[in-house]
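Given next are the chains, with one letter for each unit.
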Amino acid sequence: MKHRLLTSLAFAATAMLSAAMPVHAAQTLRNLITVEGVRENPLVGYGMVVGLAGSGDTTQVKFASQSVINMLKQFGVKMPDGTDAKSKNVAAVMVSAVFPPGYRRGQAIDITVSSLGDAKSLRGGTLLLTPLKAADNETYALAQGNVVVGGFAAGGKSGSSVTVNTPTAGRIPNGAIIEREIATDFATKPSVRLSLRHPHFQTATNIVDSINRQFGQIATTTDGTSVEVVAPENPTQRVAFMAKLQSLPIEVGDETPKVVFNSRTGTVVIAEGLRVRPAAVTHGSLKVTIEESTKVSQPNALSQGGTTQASAQSQVSVDQNAAQTFKWPGGARLQTIIDTINSLGATPDDIMAILQALDQAGAIEGELVVI
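Residues numbered from 1 in each chain as written. Predicted model: local features only at pLDDT ≥ 70, side-chain atom pairs only at ≥ 80, totals over all residues. Heavy atoms only, no water.

> Which residues make up the sheet that holds strand β3 (residues 41-50), and what are the values?
With respect to topology, 6 strands assemble into a closed barrel ordered β3-β4-β5-β10-β7-β6, the strand pairing being antiparallel. When strand polarity is set aside, the average angle formed by the axes of neighbouring strands in this sheet is 30 degrees. In the sheet, strand β7 (residues 139-146) pairs with strand β10 (residues 169-178) via 3 bridges, with the strands oriented antiparallel. The residue of β10 that forms the bridge with L142 is I177. The strands touched by helix α2 (residues 62-74) within the sheet are β3, β4 (91-99) and β6 (126-133), with β3 carrying the most contacts at an inclination of about 80 degrees. (Pairing = 2+ DSSP bridges. Helix = DSSP H or I, 4+ residues; strand = E, 2+ residues; numbered from the N terminus. Axes fitted to C-alpha atoms, helices over the stretch in contact; angles between N-to-C directions. Contact = heavy atoms within 4.5 Å.)

Here's what the structure looks like:
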């Protein structure tokens, strides 16, 4: 029932989106492209969360213990050789963040803190000063602060426990300060490159035509992936020019309609525009049921030397539903496909099997994607 509900919701959402926006509706340019030189950069670091109420890493996590010893050594506290820092109030964590484009030294960014060991919860903990590095192994930000955890875990002495959401990961809003800027050539190059989020020759052509109609012959393209635009040399004028450029309406080229299967959740999404060629499909199911039971035989009250005997009994039954055959007319659209499949009461697994078989038969005018 849950899978069928997910599938129905996916069909309904697709149908509503299709009704709200025509296939050839214009979109704003900023939704279609990214600007080269203006992008986010991932940061990562290794740190420790302290102040936990006994929910930190156990002694099995050797690197957490070693991290505590190394930290204490930096503050002049030397522990005897060969000893472990046994503290359940400390957890080794990985800290991740995203360096937004154009951020300057002193600005704050959000960070995510995730347990690296076997800590039960990071709730109530404080992240100690942690350097965040980029792919070049240079430090670009420093992180520290109180961890905000959305989940929690609780357990009793009997071993029973309950966990809500994920208590071993949390966030620190504005938890890192930028200490080093990432250089960009956006303001120095004579032109700006616009990279399409979804490469398409017709979309790239429409972008060039729209820009040239609005600003003159300043845009060119050599493929369906990017567009080169000559931009003003003055930085202030370039920023204003890009603001106007990103607001241009662009006619998007026709995309190949897709059927997307999510095998983990049983969700099936069929994009508007998918059509099928004439095809006949037979759909049926075979159900096998095996019931196990135990029969106990006891001796009479006056019998001598009798023992209780137990014997296993199995009952196997086969239930085969009548196969159903249906046919789609040539050029059938999304709504026809939905109505036909829903009339059969098909499950998401059935829908996947039917559409995959149609694709192998060459009857689907689109692309099948499994995620």
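From this point, things continue past the structure.
> Residue-level account of the sheet that holds strand β2 (residues 33-35), with values.
Pairing is antiparallel in the open sheet, where 4 strands are placed in the order β2-β11-β13-β12. Looking at the sheet topology across the chains shown, the edges are occupied by β2 and β12 (219-220). When strand β11 (residues 191-196) meets strand β13 (residues 226-230), the two strands line up antiparallel, connected through 5 bridges. Counted as the bridge partner of L194 is V227 from β13. Taken strand by strand, helix α4 (residues 235-246) contacts β2, β11 and β13, and its axis lies near 30 degrees from that of β11.

> With reference to specific residues and values, describe unusual backbone geometry.
Residues other than glycine seldom take positive phi values, yet N137 does so here, at roughly 65 degrees. Here N137 lies in the loop between β6 and β7. Assessed through its relative accessible area of 54%, N137 is described here as exposed. With a phi close to 50 degrees, N174 is a non-glycine residue in the positive phi region. On the secondary structure map, N174 appears in strand β10. (Buried < 20%, exposed > 50% of the residue type's maximum accessible area, 1.4 Å probe, protein only.)

> Describe empty space enclosed by the protein, listing the residues and the values that go with them.
Taken as a whole and judged by the stated rule, the model has 1 cavity of 30 Å³ or more. Size it by volume and the largest cavity reaches roughly 50 Å³. Lining the largest cavity, in full, are E36, D185, F186, K189, S191, V192 and R193. Taken together, the residues that form the lining of the largest cavity break down as 2 nonpolar, 1 polar and 4 charged. (1 Å grid on protein atoms, 1.4 Å probe; cavity = no way out; pocket = protein on both sides within 12 Å on 5 of 7 lines; lining within 4 Å. Points joined across faces, edges and corners; volume = space filled by probe spheres on them. Nonpolar A, V, L, I, M, F, W, Y, C, P; charged D, E, K, R; others polar.)

> Residue-level account of helix α3 (residues 201-215), with values.
The end-to-end C-alpha distance of α3, which contains 15 residues, comes to 21 Å, matching closely the 21 Å that a straight helix rising 1.5 Å per residue would cover. Of the residues making up α3, those classed as buried are T203, A204, N206, I207, V208, S210, I211 and N212. Of the surrounding elements, those touching the buried residues of α3 are β2, β11, β12, β13, α4 and β14 (249-251). Within two residues after α3, G216 carries a phi angle of roughly 95 degrees, on the positive side. (Expected span 1.5 Å × (residues − 1).)

Interpretation in functional terms is not warranted from these geometric data alone.
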